[in-house]
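# Structural characterization, general
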Amino acid sequence: MSSAIITGAAAGNGLAIACRLRAARHFIVALDRMPIPPDAADRTLTGDVLDTALLAAAFDHACAAADGTVYLVNNAGITRPGLPQPDEAWDSTLDVNLTAPFRWAREFSARVEKGEIREGGILFIGSLATQLGFPENPAYQASKSGVLGLTRAFAFDLGNKGIRVNCVSPGYIATAMTERSYNDPAMNASRRRHMLLGRWGQPEDVANAVAFLCSSESSYITGINLPVDGGWSVCGLT
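Residues numbered from 1 in each chain as written. Predicted model: local features only at pLDDT ≥ 70, side-chain atom pairs only at ≥ 80, totals over all residues. Heavy atoms only, no water.

Next up on the list: the overall build of the protein chain. Of the regular secondary structure elements, the protein chain holds 8 helices and 7 strands. With the principal axes as the frame, the protein chain shows a C-alpha extent of 50 × 40 × 35 Å. Relative to its 238 residues, the protein chain shows a buried fraction of 52%. Long-range pairs, those at least 24 residues apart, make up 68% of the contacts in the protein chain with a sequence separation of at least 6. For the protein chain, the accessible surface area stands at approximately 10,900 Å², while carbon and sulfur atoms represent 53% of it. Side-chain charges in the protein chain split into 20 positive and 23 negative, and the spacing between the mean points of these groups amounts to 3 Å. (Helix = DSSP H or I, 4+ residues; strand = E, 2+ residues; numbered from the N terminus. Buried < 20%, exposed > 50% of the residue type's maximum accessible area, 1.4 Å probe, protein only. Contact = heavy atoms within 4.5 Å. Areas by Shrake-Rupley, 256 points an atom, 1.4 Å probe, with all protein chains shown as cover. Lys, Arg positive; Asp, Glu negative; His and termini not counted. Charge placed at Lys NZ, Arg CZ, Asp CG, Glu CD.)

Put into structure tokens, the structure is as follows:
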């Protein structure tokens, strides 16, 4: 059996990813600060993504349950928009969105070196801000641009071990993070005009892309950024 670790799995994209990968018969180790629905995971951990003890426990559970095939989905993320952006908002955003994914990927690499992980891969979750300009939120822009750098770095370093590393970048997905703009008719319509498919994304759209990259069907794909944005990145941000 293969295992999958998903951070930020209590709701939204993370919950959809956990459920989708569990349906694909991965053993799911799910982490969040909030309670995770019991049917979404085989093992749940409650705490902060920056907690190193929790990180180690998640990998212990995943490696113990797997046959050497482990996937890591760095999904947990926050946004603290506003200008001028104070140091606290910058620090917390970079900690959760960039430092934590680096630490989790570093631990994944260490388990590869120990022989506990022999196959599988790492998924980083980006955003429209991974490649496009983003207004009034330099911390979020910097963090989501940074995960593409992490994707490429770990793809280089782990490719010779047969480990694949990719990034999935959602557009506007109907989750709690986008609830304000989704429920505002004018903002909703403004966002939708950038979507070539004419609709907001659903968490399941992101989960399906992640499931593909966590399967043998993507065995020759590594180091990429896969936008799941309904065509937004073709239209541009403004």
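Back to the write-up after that little detour.
By the definition in use, this model includes 7 salt bridges. When the shortest N-O distance is used, the salt bridge between Arg-22 and Asp-42 registers 3.0 Å. In this pair, Arg-22 sits in helix H1 (residues 12-23) while Asp-42 sits in the loop between strand E2 (27-32) and strand E3 (43-46), placing the two residues 20 residues apart along the sequence. Accessibility expressed as a relative area gives 35% for Asp-42, which makes it partly exposed. (Salt bridge = Lys/Arg side-chain N within 4 Å of Asp/Glu carboxyl O.)

The final tally for this structure, using the stated rule, is 3 cavities of 30 Å³ or more. Computed from the structure, the largest cavity encloses a volume of approximately 70 Å³. Classifying every residue of the lining of the largest cavity gives 3 nonpolar, 5 polar and 1 charged. (1 Å grid on protein atoms, 1.4 Å probe; cavity = no way out; pocket = protein on both sides within 12 Å on 5 of 7 lines; lining within 4 Å. Points joined across faces, edges and corners; volume = space filled by probe spheres on them. Nonpolar A, V, L, I, M, F, W, Y, C, P; charged D, E, K, R; others polar.)

What describes a pair of aromatic rings is the distance from one ring centre to the other and the angle between the planes of the rings. A complete count under the given rule lists 7 aromatic pairs for this structure. Aromatic pair Phe-102 and Phe-154: ring centres 6.3 Å apart, planes at 50°, arrangement tilted. In this pair, Phe-102 is assigned in helix H3 (residues 87-114) and Phe-154 in helix H4 (residues 138-159), connecting sequence segments 52 residues apart. For Phe-102, a relative accessible area of 32% puts it in the partly exposed group. For the ring pair Tyr-172 and Trp-200, a centre distance of 5.5 Å and an interplane angle of 70° mean the geometry is edge-to-face. In this pair, Tyr-172 sits in the loop between strand E6 (164-170) and helix H5 (179-183) while Trp-200 sits in the loop between helix H6 (185-192) and helix H7 (203-213), placing the two residues 28 residues apart along the sequence. Summarising the burial analysis for this pair, Tyr-172 and Trp-200 share the class buried. Feature note: the residues Phe-59, Trp-104 and Phe-108 constitute an aromatic cluster, connected by ring pairs. (Phe/Tyr/Trp six-rings, centres within 6.5 Å; stacked < 30°, edge-to-face > 60°.)

In this section: the sheet that holds strand E7 (residues 225-228). As summarised here, the arrangement of the 7 strands in space is E3-E2-E1-E4-E5-E6-E7, forming an open sheet in which the pairing is parallel. Strands at the two margins of the open sheet, each flanked by one partner only, are E3 and E7. Put simply, the sheet's adjacent strands are angled 15° from each other on average, direction ignored. Where strand E4 (residues 69-74) meets strand E5 (residues 119-125), 6 bridges bridge the pair, whose relative direction is parallel. Among the inter-strand pairings, Val-70 is bridged to a residue of E5, identified as Gly-120. Across the sheet, H7 touches E4, E5, E6 and E7, and the angle it forms with E6 is around 170°. (Pairing = 2+ DSSP bridges. Axes fitted to C-alpha atoms, helices over the stretch in contact; angles between N-to-C directions.)

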